[in-house]
Amino acid sequence: MRFYAKYLIVGIVSGILCICSNMIRNDSVNASQIIFYSALGLVDWFPAYMEQATQFFIPFLLFQILFGTYIYRHFCSAGIYFFSRKKNRESWFIREAGKLYLFVFIYICLFLLSGIISTMAVCHVHYDNTALIITVYYLLIYSMFLFAFTLMINIIAIIAGSRIGFIIAASIEILGMGFFLMLGKIITTESDIAGKYIWMLKINPAAHLVFGLHSSKIKSLNKLINLKNINFDLNESVIYFFTLSIIMIFIGIFVVKKREFIINNRETG
């Protein structure tokens, strides 16, 4: 774990570059607004927002590159000897997945915290009651999103190699975001997107990351995030990524249980 701990500094640097650099133009800002902005709150379903979406998406792709072999590395380095001592491969995988989630959660926290602290150095940050609520939702949704897709990379890597794992996972994320950013061009009536075509948002993992599309039964939070007046509760996104994470864990357990270990190193042949 110590080897991977050093990569967490990427979260700190990314938070400063992504959050503080965009807040520096303000004299004062609410803490809840900083978190809302960090959660793609002002990104709309048009191509013009591609630069802003990309800026906040790159730190998560970097994490996936760095930790995309966190579990798979055992298949490359430790070999049969490592697994010969593991009587219960399922419990081993669950423990490793738990460690991976811990890294994810710390990375997300450092990203957010470094962005807020650095913003405090350049402008006045007001703490408001909504900040705590939106922070909890941000940590839940973004940590489970990043965990699910990073775990997906590791699982696919066990089967086909880490390059294939990253390409598949990143393709799903990029295509999802690309489709979201084109939605306003495809469906020109916004009321249709919020109405009969809302299912296009709810099946798209990228759309679940855009807090500006969401709603909440908490009045103060709903006032902040519900810019589109859409019935798309944040709790739906929590359930969405929680379900995806559980599915990935079960798939990983199945693969680890059935897969033959270290017949060949797929990274070097």
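Up top is the structure.
Residues numbered from 1 in each chain as written. Predicted model: local features only at pLDDT ≥ 70, side-chain atom pairs only at ≥ 80, totals over all residues. Heavy atoms only, no water.

Here the structure, examined in full by the defined rule, presents 21 aromatic pairs. Each ring, one from phenylalanine 63 and one from phenylalanine 67, has its centre 4.3 Å from the other, and the planes form 10°; the classification is stacked. A residue pair is termed a helical-turn pair when its members lie 3 or 4 positions apart in one helix, as phenylalanine 63 and phenylalanine 67 do in helix H4 (residues 50–67) at 4 residues. Each member of the pair, phenylalanine 63 as well as phenylalanine 67, carries the same accessibility label: buried. Both rings, one in tyrosine 142 and one in phenylalanine 145, keep their centres 6.5 Å apart while their planes meet at 80°; by these two values the pair is edge-to-face. (Phe/Tyr/Trp six-rings, centres within 6.5 Å; stacked < 30°, edge-to-face > 60°. Helix = DSSP H or I, 4+ residues; strand = E, 2+ residues; numbered from the N terminus. Buried < 20%, exposed > 50% of the residue type's maximum accessible area, 1.4 Å probe, protein only.)

Attention shifts here to the nonpolar core. Counting 89 residues, the largest nonpolar core has Tyr138, Tyr142, Leu151, Phe180, Leu201 and Phe211 as the members making the most contacts within it. The biggest single contributor to this core is helix H8 (residues 129–160), with 20 residues. With near-sequence residues (within four places) excluded, phenylalanine 180 lies in contact with Val43, Asp44, Trp45, Leu201, Asn204, Ala207, Val210 and Leu213. (Core = buried A, V, L, I, M, F, W, Y, C linked by side-chain atoms within 4.5 Å. Contact = heavy atoms within 4.5 Å.)

Tallying each qualifying case throughout the model produces 4 salt bridges. When the shortest N-O distance is used, the salt bridge between lysine 228 and aspartate 44 registers 2.9 Å. Placement of the pair is lysine 228 in the loop between helix H12 (219–225) and helix H13 (234–258) and aspartate 44 in the loop between helix H3 (31–38) and H4, with a sequence separation of 184 residues. With a relative accessible area of 14%, aspartate 44 lands in the buried category. (Salt bridge = Lys/Arg side-chain N within 4 Å of Asp/Glu carboxyl O.)

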